[in-house]
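Descriptive structure summary
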Amino acid sequence: MKRRLLLTAGAATAALALTGCAGPQVGDYATEKPVLDLRQYFNGTLDAYGVFTDRSGQVVRRFTVVMRCTWNGDEGVLDEDFTYSDGTTQKRIWRLKHEGNGRYTGRADDVVGVAEGQTAGNAFRWGYTLALPVDGRVWNVQFDDWMYLLDERVMLNKAVMSKFGIRLGEVTLSFVRRSS
């Protein structure tokens, strides 16, 4: 009897552990409001403010971004100008495509392959590999990028960066749409 109880408890614990590893899915946010329409939100000029933290949680880089966003039907361009706290600058131009049913694909010069994402409710989950220059070398780093629309002007973004499944750090930023 004790053995059966221990086996049952062990199986239940294993099932809970596996469920916990699965993490949230974008569909978990399907009923959240306000509903995020990327084509509407990323249209016009936005400002973003962010930090990169290492695995220990220490802030290692701060940055701001000015984004000029336009859409022509289901195809969008997000023209991003980054300014880092050390004075360096960077440009990234995303070319997005709405594939229907809240699904999006995207490309940028420093993105390896195609980025893929899905919206549901107020959330957007975006996955891609970024060719990231680090100390004179380029690392292909995976991003698990989550965005949450708070209201018509503000969206929060949290991205976990990893390589070979090892968490390297996080990028946290807020987007603010400029008033028209």
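Our structure is the block above this text.
This text gives an overview of the structure that appears in the document. (Residues numbered from 1 in each chain as written. Predicted model: local features only at pLDDT ≥ 70, side-chain atom pairs only at ≥ 80, totals over all residues. Heavy atoms only, no water.)

1. Overview of the overall build of the protein chain
Note the following rule: Each helix is a run of DSSP H or I of at least 4 residues and each strand a run of E of at least 2, with the numbering of both proceeding from the N terminus. Contacts are assigned to residue pairs that have any heavy atoms within 4.5 Å of one another. Accessible surface area values rest on a Shrake-Rupley calculation with a 1.4 Å probe, where residue burial reflects the displayed protein chains alone.
Within the protein chain, the secondary structure is distributed over 2 helices and 10 strands. When the helices and strands of the protein chain are read in sequence order from the N terminus, they spell out α-α-β-β-β-β-β-β-β-β-β-β. Once local pairs closer than 6 in sequence are excluded, the contacts in the protein chain between residues at least 24 apart make up 37%. Carbon and sulfur atoms provide 55% of the accessible area of the protein chain, an area that totals close to 11,000 Å².

2. Topic: the sheet that holds strand β3 (residues 75–84)
Operational definition: In this analysis, strands are considered paired if DSSP registers two or more bridges between them. Here an angle of 0 to 180 degrees is reported between the N-to-C directions of two axes, which are lines fitted to C-alpha atoms, with helices fitted over the stretch in contact.
As summarised here, the arrangement of the 10 strands in space is β1-β2-β3-β4-β5-β6-β7-β8-β9-β10, forming a closed barrel in which the pairing is antiparallel. Direction aside, neighbouring strands of the sheet carry axes that sit 25° apart on average. Relative to strand β2 (residues 59–72), strand β1 (residues 44–54) runs antiparallel, the two sharing 10 bridges. Residue pairing across strands places T53 opposite V59, the latter belonging to β2.

3. Things to note about the packing of aromatic side chains
Let me state the cut-off plainly: Aromatic rings from Phe, Tyr and Trp, taking only the six-membered ring of Trp, are treated as a pair when their centres fall within 6.5 Å; an angle between ring planes under 30 degrees marks them as stacked, one over 60 as edge-to-face, and anything in between as tilted. Burial classification: accessible surface area is computed with a 1.4 Å probe over protein chains only, and a residue below 20% of its type maximum counts as buried, one above 50% as exposed, and the rest as partly exposed.
For the coordinates displayed, the defined rule picks out 15 aromatic pairs. With a centroid separation of 5.9 Å and 55° between ring planes, the pair formed by F63 and Y84 is classed as tilted. One end of the pair, F63, is in strand β2; the other, Y84, is in strand β3, with 21 residues separating them in the sequence. Y84 shares its class with F63; the two are buried. Plain terms: the ring middles of Y128 and F143 are 5.1 Å apart, the flat faces sit at 5° to each other, and that makes the pair stacked. Here Y128, found in strand β7 (residues 123–134), pairs with F143, found in strand β8 (residues 137–149); they are 15 residues apart in sequence, far enough to count as distant. Neither Y128 nor F143 differs from the other in exposure class; each is buried. In textbook terms, an aromatic cluster arises when at least three aromatic residues are bridged by ring pairs, as seen for W71, W94, Y104, F124, W126, Y128 and F143.

4. Brief notes about the layout of surface pockets
Summary: where empty space remains is shown by rolling a probe the size of a single water molecule over the atoms. Put simply, the rule reads: Both cavities and pockets are sets of points on a 1 Å grid over the protein atoms alone; in a cavity a 1.4 Å probe fits but cannot get out, in a pocket the set is open with protein on both sides within 12 Å along at least five of seven lines, and lining residues sit with an atom within 4 Å of a point. Grid points are joined across faces, edges and corners, and a volume is the space filled by probe spheres set on the points.
Empty space within the largest pocket amounts to approximately 940 Å³. Every residue lining the largest pocket is counted, 38 residues in all, and those nearest its centre are L130, L132, F143, M161 and V171. Elements that contribute at least two residues to the lining of the largest pocket include exactly β2, β3, β4 (89–100), β7, β8, β9 (154–163) and β10 (166–177). Residue contributions to the lining of the largest pocket peak at 8 residues, all from β7.

5. Focus: the pattern of salt bridges
Side chains carrying opposite charge are able to pair once their charged atoms draw close together. Selection rule: Salt bridge, as applied in this entry: a Lys or Arg side-chain nitrogen positioned within 4 Å of an Asp or Glu carboxyl oxygen.
According to the stated counting rule, one finds 13 salt bridges in the structure shown. R39 is the salt-bridge partner of D74, the closest N and O atoms lying 2.9 Å from each other. Taken together, the positions of D74 in the loop between β2 and β3 and R39 in helix α2 (residues 38–41) put the pair 35 residues apart, joining distant regions of the chain. Classification of R39 as partly exposed rests on a relative accessible area of 26%. A network of salt bridges, in which partner residues are shared, links R68, D79, D81 and K91.

6. Quick notes on the nonpolar core
Rule in force here: Remark: nonpolar core denotes a set of buried residues (Ala, Val, Leu, Ile, Met, Phe, Trp, Tyr, Cys) joined through side-chain atoms within 4.5 Å.
Core analysis: the biggest nonpolar cluster contains 34 residues, and F42, W94 and F175 have the highest contact counts within it. In this view, F175 contacts Y41, F42, L46, D47, A48, M67, M147, R153, V154, M155 and N157; residues no more than four positions away in its chain are not counted.

7. Things to note about the pairing of β2
Remark: 4 residues form the turn of the hairpin made by β1 and β2, two consecutive strands paired antiparallel; G57 in that turn has positive phi of roughly 95°. Inspection of the sheet shows β2 paired to β3 by 10 bridges, in the antiparallel sense. Directly across from M67, in β3, lies its bridge partner E80.

Interpretation note: all reported values are geometric properties and have no functional meaning in isolation.
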